[in-house]
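# Structure at a glance
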Amino acid sequence: MSVLTIEPHYLGSLEFFALLTQHSKLRFEIHDSFPKQTYRNRTYFLSSNKVQSLIVPVKYSNGQPTKEVTVDYSQRWLKDHWGAFYSSYGKAPFFEYFSEEFRTIWQDKPTHLIDLNMKFIQLVLKILQADVEIELTDSFERKYEGDKRNVINPKESFKNRKIYTPVTYTQLFGDTFVPNLSIIDLIMCEGPNAAPILSNSFLRN
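Everything numeric in this text was worked out from a predicted model, so none of it was measured. (Residues numbered from 1 in each chain as written. Predicted model: local features only at pLDDT ≥ 70, side-chain atom pairs only at ≥ 80, totals over all residues. Heavy atoms only, no water.)

### Considerations on the pairing of strand β4 (residues 51-55)
When a strand is regular, its side chains alternate between the sheet's two faces. Of the pairings in the sheet, the one linking strand β3 (residues 42-46) to β4 comprises five bridges and is antiparallel in character. Considered in β4, the bridge of Arg42 is made with Ile55. (Pairing = 2+ DSSP bridges. Helix = DSSP H or I, 4+ residues; strand = E, 2+ residues; numbered from the N terminus.)

### Here we look at the packing of helix α2 (residues 77-89) against helix α3 (residues 95-108)
As a packed pair, α2 and α3 sit with axes 11 Å apart at the nearest point and diverge in direction by 175 degrees. In terms of axis orientation, α2 runs roughly antiparallel to α3. Here α2 contributes Trp77, Leu78, His81, Trp82, Phe85, Tyr86 and Tyr89 to the contact with α3, which in turn contributes Phe95, Ser99, Phe102, Arg103 and Trp106. Partitioned by chemical class, the residues of the contact of α2 with α3 number nine nonpolar, two polar and one charged. (Axes fitted to C-alpha atoms, helices over the stretch in contact; angles between N-to-C directions. Parallel < 35°, antiparallel > 145°, perpendicular 65-115°, else oblique. Contact = heavy atoms within 4.5 Å. Nonpolar A, V, L, I, M, F, W, Y, C, P; charged D, E, K, R; others polar.)

### As for the packing of aromatic side chains
The relative placement of two aromatic rings is captured by the distance of their centres and the angle of their planes. Evaluated as defined, the whole model comprises 22 aromatic pairs. Centre to centre, the rings of Tyr73 and Trp77 are 5.7 Å apart; their planes meet at 35 degrees, and the pair counts as tilted. Between the aromatic rings of Phe85 and Phe95, the centroid separation amounts to 5.5 Å while the plane-to-plane angle is 40 degrees, which identifies the pairing as tilted. Taken as a pair, Phe85 in helix α2 and Phe95 in helix α3 lie far apart in primary sequence, 10 residues in all. Assessed through its relative accessible area of 4%, Phe95 is described here as buried. (Phe/Tyr/Trp six-rings, centres within 6.5 Å; stacked < 30°, edge-to-face > 60°. Buried < 20%, exposed > 50% of the residue type's maximum accessible area, 1.4 Å probe, protein only.)

### Thoughts on the pattern of salt bridges
One pass over the structure, following the stated rule, counts 11 salt bridges. Taking the shortest distance from any N to any O, the salt bridge between Arg40 and Asp32 comes out at 2.7 Å. Residue Arg40 is classed as buried on the basis of its relative accessible area of 2%. By relative accessible area, Asp32 is classed as buried at 8%. One salt bridge connects Arg149 with Asp147, and the closest N-O pair in it is separated by 2.7 Å. (Salt bridge = Lys/Arg side-chain N within 4 Å of Asp/Glu carboxyl O.)

### Describing the sheet that holds strand β1 (residues 3-6)
Spatial ordering of the open sheet is given by β1-β2-β7, a layout of three strands whose pairing is parallel. The outermost strands of the open sheet, each flanked by one partner alone, are β1 and β7 (133-136). If you compare each strand with its neighbour and ignore which way they point, the axes differ by 20 degrees on average. As paired elements, strand β2 (residues 25-28) and β7 share four bridges and run parallel to each other. Bridge assignment links Lys25 to a residue of β7, and that residue is Glu133.

### Looking at the pairing of β3
Burial of β3 is extensive: four of the five residues sit out of reach of the surface. What sits between the antiparallel neighbours β3 and β4 is a turn of four residues.

Right under this line is the structure:
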């Protein structure tokens, strides 16, 4: 059994899910101290004008474990994220097939960020028909088997990590392919073909 230990991302990138789907057991870190400026609470959609960065506002204190971080619903981000989702992918080929399942998770308003992220991760893995075992860490350890925690981060290009290489597919906007967006982009545009595209985009070292 191949094991991957990694932190849960919010509507993770193609790089993130290309890595996840290469393993049969996924261990998600929830006991580390919550860091700023990571994919834990941000994602990227392709809109008609640009790549749009979407951030989930959260409440936490310095050194607080990820599992205790809560989502700030006093801000209007929920309406903004659904609006971005609809305007970016409302005319995508597979929007009608999958959009309500994503919308339901937003509407449920999970209290904790970890629950929001895990619900989306589980939904995506179901759509991809990935046969994986999932567990959460029960304590913080400095080293785990298959440790990729904090490797995928927005502060550097995916090109430097040698995990993902772009496999092009038809996107809704623009003439130039934009790589490594949220998994939402691939699912809405390609539906059942998303899984083989992800598999082909994984760099096997």
